[in-house]
Amino acid sequence: MHPILKVENLSHRYASSWAIREINFEINDAGVIGLLGSNGAGKSTTMNIICGTLLQTEGNVSINGLSMKDDPIAYKKQIGFLPQQAPVYLDFTVQEYLEYAAQLRLMDKRMIKGAVDEVLEKTSITQMRNRLIKNLSGGFRQRVGIAQAIINKPKVVVLDEPTNGLDPNQIIEARKLIKEIAKDHAVLLSSHVLSEINLLAREIVMIEAGQVIFSDTLDVFNNILQPNTMVARMLNMPDVDELLAIEDVQKVELLPDHRCRIYFQPNDDLAERIIRKSLEKNWRLTSINMESSGMDDVFKQLSSSSTLQ
Ligand SMILES: Nc1ncnc2c1ncn2[C@@H]1O[C@H](COP(=O)(O)OP(=O)(O)OP(=O)(O)O)[C@@H](O)[C@H]1O
């Protein structure tokens, strides 16, 4: 059984410098796969190669075992792409544009009408079908962009920063639509907004300086950094030295409202030991909360540990 999308040893050089180097990853199921990376990391280069709009210097991409190099036309029929700027023609109506997009994908003429009706319905823009695209809001234009990407029911849908430039309500609607589409398609979605990936993706591929520095599930991504601080509230706050004397406590920071932040070596039973000590010494502990690192910390940690040779 072939993966839905397989990216193998993909490298690309613009003029003299490598933009990406030996990128490898696979998509094996429907759902959203987040392609994360800071500006210039190599996301668009990777996506453009996957979508067949840029020819790689080295490596291979295939969908269901069908290699882009061996059969580019059959390969491209299996992929839908929404680039950062939706490729819409402003003087077309929504319907005209979607029919045109279907023709470009070499769809059977008899299937086009039904396919247009279906994607209009799926992206909730049926009522806009006769409007000129130039008269649509940014949110609706983006829906038209997503509609053209799925018109021929491709196996893989590639969305390059699809919520960029939308207002907060439009972002919520676009995310709902992406989740819906990801029920039946493998969606590769690029973003540098970590919270967006956290909401949508089940797996993450993170690229930095042209190389994959992380590829695994969202849960693994979020658990890379163990909690290493806790905030305790004690009505009879002890001296800092007393806390530092507890094994595994590395540093203590006093906070307002009878609280302190305790930095510690990753450890399973420190909270329990602090609770016991508090009872013994009457520190009157009222709460204790672990603080775990968020996506931003993981991102910074993984980014800073990568350099392209
Ligand atoms: N046409 C080009 N010619 C030369 N260098 C390029 C070209 N396109 C991209 N690059 C370089 O390749 C590297 C990767 O760029 P790419 O656009 O793939 O990154 P990105 O992760 O998509 O960034 P962004 O989020 O800013 O779009 C960057 O160093 C960029 O300057």
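Keep in mind it's a predicted model, so treat the numbers as computed, not measured.

Rules used throughout
- Residues numbered from 1 in each chain as written.
- Predicted model: local features only at pLDDT ≥ 70, side-chain atom pairs only at ≥ 80, totals over all residues.
- Heavy atoms only, no water.
- Salt bridge = Lys/Arg side-chain N within 4 Å of Asp/Glu carboxyl O.
- Helix = DSSP H or I, 4+ residues; strand = E, 2+ residues; numbered from the N terminus.
- Buried < 20%, exposed > 50% of the residue type's maximum accessible area, 1.4 Å probe, protein only.
- Core = buried A, V, L, I, M, F, W, Y, C linked by side-chain atoms within 4.5 Å.
- Contact = heavy atoms within 4.5 Å.
- Pairing = 2+ DSSP bridges.
- Right-handed = clockwise from strand over helix to strand, strands pointing away.
- Lys, Arg positive; Asp, Glu negative; His and termini not counted.
- Near = heavy atom within 4 Å.
- Polar contact = N/O pair within 3.5 Å; in protein donor to acceptor, adjacent residues only side chain to side chain.
- Areas by Shrake-Rupley, 256 points an atom, 1.4 Å probe, with all protein chains shown as cover.
- Nonpolar A, V, L, I, M, F, W, Y, C, P; charged D, E, K, R; others polar.

Asker: I'd like a rundown of the pattern of salt bridges, residues and numbers included.
Answerer: With the rule as written, the count across this model stands at 19 salt bridges. A salt bridge links D117 to R129; the shortest N-O distance between them is 2.6 Å. In this pair, D117 is assigned in helix 4 (residues 109–122) and R129 in the loop between helix 4 and helix 5 (138–150), connecting sequence segments twelve residues apart. For R129, a relative accessible area of 18% translates into the label buried. One salt bridge in this structure joins K122 and D184, with 2.8 Å as the shortest N-O distance.

Asker: Go over the nonpolar core with me, naming the residues and quoting the values.
Answerer: With 42 residues, the main nonpolar core has V94, L98, V144 and V187 as its most contacted residues. Each residue touching V94, except ones within four places of it in the same chain, is listed here: L120, I125, M128, R129, R131, I133, L136 and V144. Judged by nonpolar contacts, the second largest core, of 27 residues, contains V7, C51, L188 and V205.

Asker: Go over the pairing of strand 8 (residues 186–191), please, and point to the residues and values.
Answerer: Taking burial as the measure, the six residues of strand 8 include six buried ones, the bulk of the element. Of the two faces of strand 8, both are covered, the one formed by A186, L188 and S190 as well as the one formed by V187, L189 and S191. In this structure, strand 3 (residues 31–36) lies alongside strand 8, joined through six bridges in parallel fashion. Note that in strand 8 the partner of L36 across the bridge is S191. Sheet topology places strand 7 (residues 156–160) next to strand 8; five bridges connect them, and they run parallel. Counterpart to V158 in the pairing with strand 8 is L188. Crossover handedness for the path strand 7 to helix 6 (residues 168–181) to strand 8: right-handed.

Asker: How would you summarise the side chain of E161 if you had to cite specific residues and measurements?
Answerer: Positionally, E161 belongs in the loop between strand 7 and helix 6. With no salt bridge to any partner, buried E161 finds its closest opposite charge in K43, at an N-O distance of 4.3 Å. Apart from the residues lying within four places of it in its own chain, the contact partners of E161 are K43, Q84, S190, S191 and H192.

Asker: Explain the site of the ligand to me, and be specific about the residues and the numbers.
Answerer: Contacts to the ligand come from Y14, A19, S38, N39, G40, A41, G42, K43, S44, T45 and Q84. One of the side-chain nitrogen or oxygen atoms of N39 is found 3.3 Å away from an oxygen atom of the ligand. Coverage of the ligand by the protein chains reaches 55% of its 630 Å² of free accessible surface. By residue number, the principal contributor to the shell around the ligand is helix 1 (residues 43–50), which donates three residues. When grouped by side-chain class, the residues that make up the shell around the ligand number three nonpolar, seven polar and one charged.

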